[in-house]
Structure formats: C-alpha cells, structure tokens
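# Coordinate inspection notes
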Amino acid sequence: MRAPTIEKTTATQAPTSAGAPPPEHNGPELNGAGPSPTVLEPDGFTYVSVPHSARTVRNAGRLLIFVAVLALCELVGLGTTYLAHDRYYISTDNAQVDADQILINAPSSGILESWSASQGTSFRHGQVLGRVTGVGGVPRVSRVIKAPGPGLVGLKAVADRTYVRAGQTLAVGYDPQRVYITARVPETDVRRVRVGDAAEVRLDAYPNRVVAGVVEQLQASAAGNFTIYPSTDLDPTNIQKIDQYIAVRVRPAITDDIRLYPGLNAAVTIWVGR
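### Considering the overall build of the protein chain
- Helices and strands together make up the secondary structure of the protein chain, namely one helix and 16 strands.
- Here the contacts in the protein chain between residues at least 6 apart in sequence split such that 68% fall between residues at least 24 apart.
- Carbon together with sulfur atoms contributes 56% to the accessible area of the protein chain, which is approximately 18300 Å² in total.

### Considering the sheet that holds strand 7 (residues 128-133)
- Spatially, four strands are ordered 8-7-5-10 in an open sheet, and the strand pairing comes out antiparallel. The sheet is open, and its two borders are formed by strand 8 (142-146) and strand 10 (163-164), each paired with just one other strand.
- Where strand 7 and strand 8 come together, five bridges link them in antiparallel fashion. What sits directly across from Val132, in strand 8, is Arg143.

### Points about a nonpolar patch on the surface
- A contiguous nonpolar patch, built from Leu63, Phe66, Val67 and Leu70 and spanning about 420 Å² of accessible area, is present on the exposed surface.
- You can call Leu63 exposed: its relative accessible area is 53%.

### A look at the environment of Arg124
- Relative to the elements of secondary structure, Arg124 occurs in the loop between strand 6 (122-123) and strand 7.
- For Arg124, a relative accessible area of 56% translates into the label exposed.
- Along the sequence, Arg124 and Leu152 sit 28 residues apart, while their C-alpha atoms lie 8.7 Å from each other.
- If we skip the residues at most four places from it in the chain, Arg124 touches Ala147, Gly149 and Pro150.

### Things to note about unusual backbone geometry
- In this model, Ser114 sits at a positive phi of 55°, which is unusual for a non-glycine residue.
- Tracing the sequence through the fold places Ser114 in the loop between strand 5 (110-113) and strand 6.
- Classification of Ser114 as partly exposed rests on a relative accessible area of 47%.
- Unlike most non-glycine residues, Arg161 shows phi in positive territory, near 65°.

### Describing the pattern of salt bridges
- On inspection of all chains with the given rule, the structure shows five salt bridges.
- We note a salt bridge from Asp257 to Arg209, for which the minimum N-O separation is 2.4 Å. Within this pair, whereas Asp257 is found in the loop between strand 15 (245-252) and strand 16 (265-271), its partner Arg209 is found in strand 14 (residues 206-222), the two being separated by 48 residues in sequence.
- Arg209 gets classed as partly exposed once you look at its relative accessible area, which sits at 32%.
- Put simply, Arg251 and Glu216 hold a salt bridge, and the shortest N to O gap is 2.8 Å. With a gap of 35 residues between them, Arg251 in strand 15 and Glu216 in strand 14 connect regions that are remote in the sequence.
- For Glu216, a relative accessible area of 33% gives the class partly exposed.

### Considering the layout of surface pockets
- A volume near 150 Å³ is recorded for the second largest pocket.
- Taken together, Pro176, Gln177, Val179, Val211, Ala253, Ile254, Thr255, Asp256, Ile258, Arg259 and Leu260 form the lining of the second largest pocket.
- For the lining of the second largest pocket, the residue count by class is seven nonpolar, two polar and two charged.

### Describing the packing of aromatic side chains
- What the rule picks out here adds up to one aromatic pair.
- The side chain of Arg249 reaches across the aromatic face of Tyr180, ending 3.8 Å from its centre.

### Notes on the sheet that holds strand 16
- Sheet architecture is closed into a barrel: six strands sit in the order 3-12-15-14-13-16, paired in antiparallel fashion. Here the strands of the sheet are splayed against their neighbours by 40° on average, with no regard to which way each runs.
- Bridging between strand 12 (residues 180-186) and strand 15 involves six bridges; their strand directions are antiparallel. Bridge assignment links Thr182 to a residue of strand 15, and that residue is Arg249.

### Considering the nonpolar core
- Membership of the largest hydrophobic core comes to 27 residues, with the highest contact counts inside it found for Ile181, Val201, Val250, Val268 and Ile270.
- Contributions of two or more residues to this core are made by strand 3 (89-98), strand 12, strand 13 (198-203), strand 14, strand 15 and strand 16.
- Here Ile270 is in contact with Tyr88, Tyr89, Ile90, Val185, Val193, Asp197, Ala198, Ala199, Val215 and Val248, once residues within four sequence places are set aside.
- One finds Ile102, Trp115, Val132 and Leu170 within the second-largest nonpolar core, a separate group that totals 16 residues.

### Here's the deal with the pairing of strand 16
- When strand 3 meets strand 16, the two strands line up antiparallel, connected through six bridges. Counted as the bridge partner of Ser91 is Thr269 from strand 16.

About the thresholds
Residues numbered from 1 in each chain as written. Predicted model: local features only at pLDDT ≥ 70, side-chain atom pairs only at ≥ 80, totals over all residues. Heavy atoms only, no water. Helix = DSSP H or I, 4+ residues; strand = E, 2+ residues; numbered from the N terminus. Contact = heavy atoms within 4.5 Å. Areas by Shrake-Rupley, 256 points an atom, 1.4 Å probe, with all protein chains shown as cover. Pairing = 2+ DSSP bridges. Patch = residues over 30% accessible without salt bridge, like charges linked within 9 Å, V, L, I, M, F, W, Y side chains within 5 Å. Salt bridge = Lys/Arg side-chain N within 4 Å of Asp/Glu carboxyl O. Buried < 20%, exposed > 50% of the residue type's maximum accessible area, 1.4 Å probe, protein only. 1 Å grid on protein atoms, 1.4 Å probe; cavity = no way out; pocket = protein on both sides within 12 Å on 5 of 7 lines; lining within 4 Å. Points joined across faces, edges and corners; volume = space filled by probe spheres on them. Nonpolar A, V, L, I, M, F, W, Y, C, P; charged D, E, K, R; others polar. Phe/Tyr/Trp six-rings, centres within 6.5 Å; stacked < 30°, edge-to-face > 60°. Lys NZ or Arg CZ within 6 Å of the ring centre and 35° of its normal. Axes fitted to C-alpha atoms, helices over the stretch in contact; angles between N-to-C directions. Core = buried A, V, L, I, M, F, W, Y, C linked by side-chain atoms within 4.5 Å.

Listed below in structure tokens is the structure:
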C-alpha cells in the first residue's frame, strides 16, 4: 500500500487512501460566510481559501474612521493653540547677552607703569588705573590713566611696563548694572514688536531660570547693513535672497543670583499682544 497523502485544510481531516479522489469539504461555515472552497494543488496538498468576514471589514472601517478623526482633532488643536496663544508672542534663539563697551585708552605714547586694570577688576568713574611715562625726552612727562566711567574690566589688552602708543586700547570694560539682551528678530516679525513689550529671557548658562525683561530699543537698520562691503543681496546675479534680522534690545531684570556675562547665549520670547 502507498503512504497516505496529507491534505492541508482549515479543519482536521483523515488521510485518504491511495488513488482515492479528494474528499469534498463539508466543514462548518466561517462566520456565516458559507463553506470555504478547496483547491487541490499539484504538490498534493489541499488549500482552503478563506474570505474576509464581514466583522473584519467593519473593524477595519472603524479603525480608519478613528485615525481620521484623531488627525482632524490634532489639526484643530494646533489651529486653536495658534489663535489663542502663539500669535501673541515672537520667539528667537538668535540672542545673546551684550553690554556697551567702556574703552580705556592710552593718553600718550610711552611706558605703561602702575597698571592696575586686571581681568575682572572693578573700577569707578575717574579712578586712576595707571600712568604713561614718555621716553626719549627731557624732562620725561608722565600722564595718568583714568577710568571714563564705572564698570568691570572684561578684557586686559596690555601688560605693565610695556610700550604703548597714544590712543591705544589698554583694556575694555562694561557696566555690569547695564547689561542687556540683543535679540535678532526676523524682518517678517519685527513690525509687531514695540518698545515697552514684555519679554522673557532664557539663558543657556541657567537652563532652569526665566528672567523677565522689557523691550528697550529697536535697531533702525538690519543687522550688518552699514558695512564697507555691498550686500550680496544687491547683486542681480544672486538668485538666493538673504534673510534679514533686526536687533531688538531687551533690558532684563537684574537678579542677585544670576550673573549676566556679555556673550552668553540666550533665547528670547517677546509678548507682542497686538
């Protein structure tokens, strides 16, 4: 006798004897869809074609409707957030702490003596920081160097007992009580900014702190516009338009536990409200 042929069906079937015709499928109906047709393939197995049930089709349709409703709700939420909140402020990450420089220059040419302006040294208005003694002449004239205003030395450019020229910058200082934030706002948004608008400043050096501020000044030209070189945006052969930014000065509220050093990176949010 030959070995029985194994048939692959959805229901367990007894093996058939050799040479016998394939049995007819009399299995139960699948979810009310009627008997499933059987197909005898050349490899000797019987394959059953199972159609999708009505319940599966209904579930797939409900899933598609749920996804569509969810996407619609997200779009409505984004639009509502913009209308209710986002349109009332302007944010920029292109900002940094800044301060007006206090230049300490040499009053004449000669040897720098008694130079006391070290890095981080504070000074008051009119304080004597050193003197310059002339060379090559008789008698040798010595002129004192006075601070032009109160501040803090941020950069020491020369060392004591060195030769300096008249007008040479010896040190650069700034007033720590008058630091500000320079926020560069895109030209498409600057029309909404007004002097007096409230602002919030977030510093990279203090990621968990928010410093309140107020818009103090808007620069009257685009950043970098007044240069000796013409802008590439004026070149008719340049097909790429350069984005322009307007510098907006924000005066922060000075706090005792936060030290604002010129050059620190910041992010600024300006509440335009109109």
